[in-house]
Amino acid sequence: LKTKDRIKKAMGGVLFIDEAYALCDGNEPSDIDYGHEAVATLLKAMEDHRRDFVCILAGYPEKMDKMLDMNPGFRSRILFHVDFPDYSADEMLEILRGICKKSSYLLDDSAENEALAFFSRQLENADKNFANGRTARNLYELAKTKQALRSPDKKDKTFTAEDVAEAGKELEATKTQKQNCKPIGFAA
């Protein structure tokens, strides 16, 4: 019912589904499977109302491929595939500047240089879990914390190279910790 309601609201416009693969997570359908039911409802609407709305399914390429393979009619109903490359280090810096501006924070020149170096390292070491634009937001959030700890003056809203460097090191350490974690399992 929720899927039908969203489709109805999209008539004459666009239905955008981010991380669309989450509807099915590549699993086989079961007797009680709302994700597969939602996909089946969506497919029917895409066929019956193909001139009435645009459906955009977004997500990571590998997971989207698995999703499109879960139903024989899915791939044939998707006319266009658009792959977006990761942001460049300069583009991520621009995203960071935008987040800072929106929050009334400033990056001094040395902080910008440090952020650019961090983004470059991230791109060089990018794996399938690379956060892309989210990397800029994560750096901002940690730099904000570092800046607040450094400066007790609440009017000081300027990030220094030290704030950004410490935030970057923490993000890199967190990534390393996650890569080195072993899954926990239980055996009978």
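Residues numbered from 1 in each chain as written. Predicted model: local features only at pLDDT ≥ 70, side-chain atom pairs only at ≥ 80, totals over all residues. Heavy atoms only, no water.

Caption draft 1: The arrangement of the packing of aromatic side chains in detail. Under the defined criterion, the tally for this structure stands at five aromatic pairs. Residues Tyr21 and Tyr60 carry aromatic rings whose centres are separated by 6.4 Å and whose planes lie at 35 degrees to one another, so their mutual orientation is tilted. Here Tyr21, found in the loop between strand E1 (14–17) and helix H2 (34–48), pairs with Tyr60, found in the loop between strand E2 (54–57) and helix H3 (61–69); they are 39 residues apart in sequence, far enough to count as distant. On the basis of relative accessibility, which here comes to 6%, the residue Tyr21 falls in the buried class. Residue Tyr60 is classed as partly exposed on the basis of its relative accessible area, which comes to 33%. Site record: aromatic cluster; members linked through ring pairs are Tyr105, Tyr140 and Phe159. (Phe/Tyr/Trp six-rings, centres within 6.5 Å; stacked < 30°, edge-to-face > 60°. Helix = DSSP H or I, 4+ residues; strand = E, 2+ residues; numbered from the N terminus. Buried < 20%, exposed > 50% of the residue type's maximum accessible area, 1.4 Å probe, protein only.)

Caption draft 2: Highlighting helix H7 (residues 133–150). With 18 residues, H7 should reach 26 Å at 1.5 Å per residue; the first-to-last C-alpha distance of 26 Å fits that figure. The set of residues buried in H7 consists of Gly133, Thr135, Ala136, Leu139, Tyr140, Leu142, Ala143, Lys146 and Gln147. (Expected span 1.5 Å × (residues − 1).)

Caption draft 3: The nonpolar core, seen in detail. Grouped together as the largest cluster of nonpolar side chains are 22 residues, with contacts concentrated most on Leu96, Leu107, Phe119, Leu139 and Phe159. When residues of this core are traced back to their parent elements, those giving at least two are helix H5 (89–102), helix H6 (109–124), H7 and helix H8 (161–180). In terms of residue count, H5 provides more of this core than any other element does, six residues in total. If near-sequence neighbours (up to four positions away) are discounted, Leu107 is found in contact with Leu93, Leu96, Arg97, Cys100, Glu112, Phe159 and Val164. Tyr21, Leu42, Ala45 and Met67 belong to the second-largest nonpolar core, a separate cluster that totals 19 residues. (Core = buried A, V, L, I, M, F, W, Y, C linked by side-chain atoms within 4.5 Å. Contact = heavy atoms within 4.5 Å.)

Caption draft 4: Quick peek at the layout of surface pockets. Of the pockets and cavities examined, the second largest pocket occupies roughly 190 Å³. A total of five residues in the lining of the second largest pocket trace back to one element, the largest contributor, which is H2. Of the residues assigned to the lining of the second largest pocket, the class counts are three nonpolar, three polar and three charged. (1 Å grid on protein atoms, 1.4 Å probe; cavity = no way out; pocket = protein on both sides within 12 Å on 5 of 7 lines; lining within 4 Å. Points joined across faces, edges and corners; volume = space filled by probe spheres on them. Nonpolar A, V, L, I, M, F, W, Y, C, P; charged D, E, K, R; others polar.)

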